[in-house]
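# A structural walkthrough
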Amino acid sequence: LAVPPYWCRWDGTTLWLVGSAATPVGDDDISLHLEVGEGVTATVRSVAATVVYAASGDGTRLHTHLRVGAGADLRWQPDPVIVTARARHRSSTTIEVDPEGSLLADELVVLGRSDERAGRFRGSLELRLGGAPALHTSFDTAVPGWDGPGGTGGAKVVATRVLVDP
């Protein structure tokens, strides 16, 4: 089931996420839930980057929840999230993988467009294996020095790859 601001297309091997509106913007609060059932192999991609526009109120939020069943294999590889200068965005990803499931998940965040400083971004990723916590990582541009040598070192792209292979 897909509802705005997303539309999905399955081509037999890949589930394509298609944005059906300019989002996230303002105070959008979006949830994306994907479950890959037992024994199913799936790749999820997007047709374009997600551009995070100007925020209002508390800013924008994107909650992604992925569940991978027994014997299932998920390749989660959407295009990057681009955080524009006037953005205030919180992103949370929760991934649950059965002990017999496998996963390759990529998250890419571009901090500002060309010659633009990034707006506020706070992201977290949590991995649970067989119901038990296995990984929790986060990144926040509000932390002093986030773009210095102890952070991104001036790089504009933050990438996280999670690999689970039983």
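Computed from a prediction, not measured in an experiment: that's the story for all the values here. (Residues numbered from 1 in each chain as written. Predicted model: local features only at pLDDT ≥ 70, side-chain atom pairs only at ≥ 80, totals over all residues. Heavy atoms only, no water.)

### Concerning the confidence of the model for the protein
Heads up, the condition is: For every residue, the predictor reports its confidence as pLDDT, a number between 0 and 100. Note on conventions: DSSP H or I runs of at least 4 residues are helices, E runs of at least 2 residues are strands, and numbering of each starts at the N terminus.
When pLDDT is averaged along the protein, the result is 93, and 98% of the positions lie at 70 or above. Looking at the elements of the protein, mean pLDDT is at its lowest for strand E1 (residues 6-10), recorded as 86, and at its highest for strand E7 (residues 73-76), recorded as 98.

### Re the pairing of strand E10 (residues 102-111)
We apply this condition: Think of it in three bands: with a 1.4 Å probe and only protein chains considered, a residue is buried below 20% of the maximum accessible area for its type, exposed above 50%, and partly exposed in between. When DSSP finds two or more bridges between a pair of strands, those strands are recorded as paired.
Extensive coverage of E10 is indicated by the burial of eight of its 10 residues. Note: E7 against E10, four bridges, orientation parallel. Each bridged residue has a counterpart across the sheet, and for Trp 76 the counterpart in E10 is Ala 105. Alignment of strand E8 (residues 81-83) against E10, held across three bridges, turns out to be parallel. Within E10, the residue paired with Val 83 across the bridge is Leu 111. Two elements, E10 and strand E13 (residues 157-164), share eight bridges in a ladder whose sense is antiparallel.

### Concerning the nonpolar core
What counts, and what does not: Definition of nonpolar core: a set of buried residues of the types Ala, Val, Leu, Ile, Met, Phe, Trp, Tyr and Cys, connected through side-chain atoms within 4.5 Å. Two residues qualify as a contact provided that any one of their heavy atoms is within 4.5 Å of a heavy atom in the partner residue.
Membership of the largest hydrophobic core comes to 19 residues, with the highest contact counts inside it found for Leu 34, Leu 74, Trp 76, Ile 95 and Leu 103. For this core, the secondary structure elements donating two or more residues are strand E2 (14-19), strand E3 (29-36), strand E6 (60-68), E7, strand E9 (88-97), E10, strand E11 (120-129) and E13. With three residues, E3 is the largest single contributor of residues to this core. Excluding anything up to four places from it in sequence, Trp 76 contacts Leu 17, Leu 32, Leu 34, Val 44, Thr 64, Leu 66, Leu 104, Ala 105 and Asp 106. Membership of the second largest hydrophobic core comes to 11 residues, among which are Val 81, Val 83, Ala 87 and Phe 121.

### Let's talk about the sheet that holds E6
Rule in force here: As a rule, the C-alpha atoms of each element are fitted with a line to give its axis, helices using only the stretch in contact, and angles between N-to-C directions run from 0 to 180 degrees.
Strands sit in the order E3-E6-E9-E11-E12 across an open sheet of five strands; the sheet is mixed. Both outer strands of the open sheet, E3 and strand E12 (132-140), are each paired with one neighbouring strand and no more. If you compare each strand with its neighbour and ignore which way they point, the axes differ by 10° on average. With 10 bridges connecting them, E9 and E11 associate as parallel partners. Paired with Ile 95 across the strands is Leu 127, a residue of E11.

### As for the packing of aromatic side chains
In plain terms, the rule: Note on ring pairs: Phe, Tyr and Trp rings are taken, using the six-membered ring of Trp, and paired if centres are within 6.5 Å. Classes follow the plane angle, with under 30 degrees stacked, over 60 edge-to-face and the rest tilted.
By the definition in use, this model includes two aromatic pairs. Judged by centre distance (6.5 Å) and plane angle (40°), the rings of Phe 121 and Phe 139 are tilted. One end of the pair, Phe 121, is in strand E11; the other, Phe 139, is in strand E12, with 18 residues separating them in the sequence. Taking the relative accessible area as the measure of exposure, Phe 121 reaches 5% and is therefore buried. A centroid spacing of 6.0 Å and a plane angle of 90° characterise the contact between Phe 139 and Trp 146, whose relative ring orientation is edge-to-face. Of the two residues examined, Phe 139 and Trp 146, each falls in the buried class. Aromatic ring contacts, followed pair by pair, group Phe 121, Phe 139 and Trp 146 into a single cluster.

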